[in-house]
Amino acid sequence: MPLARIGFDVTGIDSSKVGIEQMNQLARDENLALNGVIADIFKFENFKEYDYVLLDSMFHFEKNDRIKETEFIKKIISQIRKGCLVIFCIQDTGKKVQILKDTIRFEEKVHHIVDKGFKYIFEDNGHKSESNYRMIVINKTKH
């Protein structure tokens with residue numbers, strides 16, 4: 001939503017029907033260039049159509065999902081076009097950031113642009129929590 005509000009054309013993909021319907025309704029209400037798609041992101045095949053790919057809080061690299069997630073990252077990098085930016089926002093706990101970096105490091109056709117830590121603060125109904133996050137941005141330099 002914030003990216004669409006500042007003028008980007010946005011496609012949001014999530015498996016949550018309720019979440020996507022709510023997002024699409026807000027987009028219609030605010031007349032935003034935002035299209036929510038109900039789908040399994042791991043099966044998405046059209047990354048080459050985008051200039052930016054934002055992957056926010058979706059990688060946890062738990063034992064049962066690690067191969068699926070690392071192969072998905074490699075798939076994205078192989079599909080994007082030269083100049084595309086891929087933005088990873090990942091919780092900075094355990095070995096998550098190192099696993100992500102090791103996965104990206106296998107790809108010779110990417111250039112690291114940003115690796116920056118930040119605090120994510122969540123507030124809701126008087127509850128407040130704070131988590132350490134990392135933003136890693138890469139771009140594809142060759143096909």
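Above this text is the structure in question.
Computed from a predicted structure; not experimentally measured. Per chain, residues are indexed from 1 in the order of the written sequence. Residues qualify for local features only when their pLDDT is at least 70, as the model is predicted, and side-chain atom pairs are given and counted only at 80 or more; totals for whole chains, interfaces and linings, by contrast, use all residues. To obtain the side-chain values, all non-hydrogen atoms of the structure were included, while hydrogens and water were left out.

> Mind laying out the sheet that holds strand β4 (residues 85–91), listing which residues take part and the relevant values?
Criterion used throughout: strands pair if DSSP finds at least two bridges between them. In this description a helix means any DSSP run of H or I spanning at least four residues, a strand means any run of E spanning at least two, and both kinds are numbered starting from the N terminus. If you trace the 4 strands from one edge of the open sheet to the other, you get β3-β4-β6-β5, paired in mixed fashion. Edge strands, defined here as strands with exactly one partner in the open sheet, are β3 (52–56) and β5 (110–124). Taking each pair of neighbouring strands and ignoring which way they run, the sheet shows an average axis angle of 15°. Note that β5 and strand β6 (residues 127–140) share 14 bridges and pair antiparallel. Lines fitted to C-alpha atoms define the axes, with helix axes restricted to the stretch in contact, and inter-axis angles between N-to-C directions lie between 0 and 180 degrees.

> Just give me the short version of unusual backbone geometry, but keep the residues and values in it.
In this model, Ser57 sits at a positive phi of 60°, which is unusual for a non-glycine residue. Tracing the sequence through the fold places Ser57 in the loop between β3 and α3 (66–79). The partly exposed category is assigned to Ser57, whose relative accessible area is 31%. One non-glycine residue, Phe61, lies in the positive phi region at around 55°. Examined against the element boundaries, Phe61 turns out to sit in the loop between β3 and α3. Judged by its relative accessible area of 3%, Phe61 falls in the buried class. In this scheme, a residue with accessible area under 20% of its type's maximum is buried, one over 50% is exposed, and one in between is partly exposed, where area comes from a 1.4 Å probe on protein chains only.

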